[in-house]
Structures are given as structure tokens and as C-alpha cells.
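The lines below spell out each chain.
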Amino acid sequence: MNWWMGILFVFLILQRLIELVIARSNENWMKKQGAIESGAGHYKWFVLTHSLFFISLWAEAEWKDLYGLGLNVSLFVLFVLTQLLRVWCIASLGRFWNTKIIILPGASLVKKGPYRFINHPNYLVVLLELIIIPMMFHTYITAIVFPLFHLLLLRVRIPEEERALDKLEEGQD
């Protein structure tokens, strides 16, 4: 792995750790307000998949001995745009943003920011990242395998989240 890959790799790890701190803080706040968690059974698979993504990214880059590669500016611009969309998703949900499915009875469904346009923009961001980041690193096996894992997990996650959100909306009627 060359210097820019190392910097980007460390940035991504730190970003994810900060997000986990934010998620934990939001979870604690929401649960103090009476929030309920749904779909906890599949959460461990997200944690495992995302942990393995970073291991795969690093291992494949080391295996390929990618030290002389330059930064692909087009992919880097796409990466920056996905990061801006990620921040927009988190900021739009505010205290309701989380890595888990946690629903606060009586709260209104957030319909601002990117949530005005699509129901689950953060999952789109993650999917794009799971493609763009490995492409930047020239780790093509990772670029194929982990988006597929993500899509398989979303087949469980999105219906579970929709059921929880439907209960939230039913409570408002």
C-alpha cells in the first residue's frame, strides 16, 4: 500500500470509529426517550461485513504490492462526493441517525435532506463506497465481493427497517 492509500485507509477507519461514537451517543439519548431497537439479530452481520471489508481492502492491496500507483482523481472526486452525501444523511437525521434500527415512538419520520428524495440514502452511500474505495485501491476482488454482501444484508435490513418505520407512522395516526 502506498502513502496516499495509507492516509485514506487511516481516515476511513477513524471516520467509522467516530461514527460509532456518534451512533452510541444517539442510541443512548433515544433509549432514554423511550426508543425501541428492532432487527438486532442481523446487526452483527453488518459489523462483521464492514470489518472484513477493511481487512480485505488492506490484504488485497498488500498482496498485489500496490506501491507505485497514483491516485485516480476521478474516483477520488466520486469518493469525496459520497462523503458529502454521508455527512448530509447523518446531519439530516440528527439525533435519530444510527447504525442500528432504533425507533422513537411519537417521533416524526424525517423527510428532509436526502430523505426527501429516497427512503434509505445512507445505504446507497455505503454501496457506492464499497465500490469506489476498492476501485481507488485497485482491489477489484474487494470491489466485487463486498457490494454483493452489502446488497444481501440489505435484503434483510430494509424490510426490517420499513416494518419499524411503519409502526412509527401507525402511532401517529
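Residues numbered from 1 in each chain as written. Predicted model: local features only at pLDDT ≥ 70, side-chain atom pairs only at ≥ 80, totals over all residues. Heavy atoms only, no water.

Novice: Please provide a residue-by-residue account of the overall build of the protein, values included.
Specialist: Helix and strand counts for the protein come out as five helices and two strands. Listing each helix as α and each strand as β along the protein from the N terminus yields α-β-α-α-β-α-α. Counting only C-alpha atoms, the protein reaches 60 × 30 × 25 Å along its principal axes. Relative to its full complement of 173 residues, the protein shows a buried share of 44%. Long-range pairs, those at least 24 residues apart, make up 85% of the contacts in the protein with a sequence separation of at least 6. If you sum the accessible surface of the protein, you get close to 9600 Å²; carbon and sulfur atoms cover 69% of it. Considering the protein, the positive charge centre built from 16 side chains and the negative charge centre built from 14 side chains are found 4 Å apart. (Helix = DSSP H or I, 4+ residues; strand = E, 2+ residues; numbered from the N terminus. Buried < 20%, exposed > 50% of the residue type's maximum accessible area, 1.4 Å probe, protein only. Contact = heavy atoms within 4.5 Å. Areas by Shrake-Rupley, 256 points an atom, 1.4 Å probe, with all protein chains shown as cover. Lys, Arg positive; Asp, Glu negative; His and termini not counted. Charge placed at Lys NZ, Arg CZ, Asp CG, Glu CD.)

Novice: So what about helix H4 (residues 121-137)? Which residues, and what values?
Specialist: Over its 17 residues, H4 extends 24 Å from the first C-alpha to the last, a length consistent with the 24 Å expected when each residue adds 1.5 Å. Judged by how many residues are buried, H4 sits mostly within the fold: 13 of 17 residues are covered. Looking one or two residues beyond H4, the residue adopting positive phi is His-138, at roughly 60 degrees. (Expected span 1.5 Å × (residues − 1).)

Novice: Tell me about helix H2 (residues 40-63), residues and numbers included.
Specialist: Over its 24 residues, H2 runs 35 Å from end to end, which matches the ideal 34 Å to within 8%, given 1.5 Å per residue. Looking at H2, one finds that the buried residues are His-42, Tyr-43, Phe-46, Thr-49, Phe-53, Phe-54, Ser-56, Leu-57, Glu-60 and Ala-61.

Novice: Report on the pattern of salt bridges, specifying residues and quantitative values.
Specialist: Scanning all chains against the criterion turns up ten salt bridges. Salt-bridge contacts for Arg-24 lead to Glu-27; the nearest nitrogen and oxygen are separated by 3.7 Å. Here the residue Arg-24 and the residue Glu-27 both occupy positions in helix H1 (residues 3-32), the gap between them amounting to three residues, near one helical turn. For Glu-27, a relative accessible area of 7% translates into the label buried. Among the charged side chains, a network of salt bridges with common partners joins Arg-24, Glu-27, Lys-31, Glu-37 and Lys-100. (Salt bridge = Lys/Arg side-chain N within 4 Å of Asp/Glu carboxyl O.)

Novice: Talk me through the nonpolar core; I want residue IDs and the actual numbers.
Specialist: Residues Leu-8, Phe-53, Phe-79, Ile-133, Met-136 and Phe-137 are the most contacted members of the largest nonpolar core, which totals 20 residues. Contributing elements (two or more residues each) for this core: H1, H2, helix H3 (73-93) and H4. Of all the elements, H4 adds the most residues to this core, at six residues. Not counting the four nearest positions on each side in its chain, Phe-53 is found in contact with Glu-129, Leu-130, Ile-133, Pro-134, Thr-142 and Phe-146. Counting residues in hydrophobic clusters, the runner-up holds ten residues, among them Met-30, Ile-101, Ile-103 and Ala-107. (Core = buried A, V, L, I, M, F, W, Y, C linked by side-chain atoms within 4.5 Å.)

Novice: Describe the packing of H2 against H4, naming the residues involved and giving the relevant values.
Specialist: Packed helix pairs are characterised by how far apart their axes lie and by the angle those axes make with each other. Their axes nearest at 11 Å, the elements H2 and H4 cross at an angle of 15 degrees. Compared by their axis directions, H2 and H4 come out roughly parallel. The chirality of how H2 crosses H4 is right-handed. Here His-50, Phe-53 and Leu-57 of H2 lie close against H4, whose contacting residues are Val-126, Glu-129, Leu-130, Ile-133, Pro-134 and Phe-137. Classifying every residue of the contact of H2 with H4 gives seven nonpolar, one polar and one charged. (Axes fitted to C-alpha atoms, helices over the stretch in contact; angles between N-to-C directions. Parallel < 35°, antiparallel > 145°, perpendicular 65-115°, else oblique. Left-handed = near helix turned anticlockwise from the far one by under 90°. Nonpolar A, V, L, I, M, F, W, Y, C, P; charged D, E, K, R; others polar.)

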